[in-house]
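Coordinates in review
For reference, the chains in residue letters:
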Amino acid sequence: MKKIQLDIVGLSYSQTQSGAYALVLGEVGGNRRLPIIIGGFEAQAIAVEIEKMTPSRPLTHDLFKTFAETFSLSVTEVLIYNLVDGIFYAKLFCKDKEHGITEIDARTSDAVALAVRFKCPIYTYDFIMSSAGIVIEGNDFAFLENIENFSTSNSDSVSEEETIASKSSEEKPEDKKFDGANSPYASFSMEQLEKNLEKAIENEQYEAAAQIRDEIDRRK
């Protein structure tokens, strides 16, 4: 099957599900987007690397990368290879001198968190994009602002901690608009936001840091 390369378009905090985020992957050279509901910890792990934040102590995915590189292992590719009952399945392609390429099963959120650290490509198959992807019109910023307007039951985990996004059957997409006032930081000034962002990173409060970063990006 032909593989489709994906880029990370962004992370969107869920206003309706506490601690949940939508990881949005975009088709390279296309207009389809693949939203995947992930947990807060995994979202933080991805955001920290994308934003080049420096934790005072290594996160789990940073530890994995250091461990792998210490023993001459590398992740060369991430593949989201299946979608069953709304659950995504992914695997890592790992390489070392002795065994060559080895495939390792992984949750999609963990796989993406490692992909950004090893700077390796992310792929999926067309049947996944066809069944779970969303064709966008316009820019990605508007799409990310209104990501919860789309009915999706796609998740990368069956664990209770990573809840599946849902939308009321009575609610139409056009009825719900993005409202910055929903943010707990909506009343903060830009100066206050910047100070709180630095403090959150310093105290390793990465979920709060991600929310503050979202508010700063929204205003820009």
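In what follows, the accompanying structure is described. In every chain, residue numbers begin from 1 and rise along the written sequence. Confidence filtering applies because this is a predicted model: local features only for residues at pLDDT of at least 70, side-chain atom pairs given and counted only at 80 or more, and all residues used for totals across whole chains, interfaces and linings. Processing note: side-chain calculations cover all non-hydrogen atoms of the structure and skip hydrogens and water entirely.

So, the pattern of salt bridges
Put simply, the rule is: Just to be clear on terms, a salt bridge is a Lys or Arg side-chain nitrogen sitting within 4 Å of an Asp or Glu carboxyl oxygen. Each helix is a run of DSSP H or I of at least 4 residues and each strand a run of E of at least 2, with the numbering of both proceeding from the N terminus. Under the scheme applied here, a residue whose accessible area is under 20% of the maximum for its type counts as buried, over 50% as exposed, and between as partly exposed, the area being computed with a 1.4 Å probe on protein chains only.
Summed over all chains, the structure comprises nine salt bridges. Taking the shortest distance from any N to any O, the salt bridge between Glu 77 and Lys 3 comes out at 2.8 Å. With a gap of 74 residues between them, Glu 77 in strand E4 (residues 74-84) and Lys 3 in strand E1 (residues 3-13) connect regions that are remote in the sequence. Owing to a relative accessible area of 35%, Lys 3 belongs among the partly exposed residues under this scheme. With its nearest N and O atoms 3.2 Å apart, the salt bridge here joins Arg 107 to Asp 110. Its relative accessible area of 27% is what places Arg 107 among the partly exposed residues.

Quick notes on the packing of aromatic side chains
So the rule is basically this: Pairing of aromatic side chains requires ring centres within 6.5 Å, counting the rings of Phe and Tyr and the six-membered ring of Trp. Pairs whose planes differ by under 30 degrees are stacked, by over 60 edge-to-face, and all others tilted. Lysine NZ or arginine CZ positioned within 6 Å of the ring centre and within 35 degrees of the ring normal marks a charge as sitting over the ring.
By the definition in use, this model includes three aromatic pairs. On the basis of an interplanar angle of 50° and a centroid distance of 5.1 Å, the ring pair of Phe 67 and Phe 71 is categorised as tilted. For the pair Phe 67 and Phe 71, a shared accessibility class is recorded, and that class is exposed. A cation over a ring is seen here: Lys 65 above Phe 118, with NZ or CZ 5.8 Å from the ring centre.

Focus: the packing of helix H1 (residues 40-50) against helix H3 (residues 108-118)
This is how it is decided: A fitted line through C-alpha atoms serves as each axis, taken over the contacting stretch for helices, and the angle formed by two N-to-C directions is quoted from 0 to 180°. Should an angle fall under 35 degrees it is taken as roughly parallel, and over 145 as roughly antiparallel, whereas 65 to 115 is taken as roughly perpendicular and any remaining angle as oblique. Crossing handedness: left-handed means the near helix sits turned counterclockwise from the far one by under a right angle, and right-handed means the same turn made clockwise. Throughout, a contact is declared for two residues whenever any of their heavy atoms are within 4.5 Å. Three classes are used: nonpolar for Ala, Val, Leu, Ile, Met, Phe, Trp, Tyr, Cys and Pro, charged for Asp, Glu, Lys and Arg, and polar for all others, with Gly counted as polar.
Close contact between H1 and H3 brings their axes to 9 Å; oriented N to C, the two are set at 15°. Comparing their axes, H3 and H1 come out roughly parallel. The crossing of H1 and H3 is left-handed. On H3, the residues that touch Glu 42, Ala 45, Ile 46, Glu 49 and Ile 50 of H1 are Ser 109, Asp 110, Val 112, Ala 113, Val 116 and Arg 117. Here the contact of H1 with H3 is built from residues that sort into six nonpolar, one polar and four charged.

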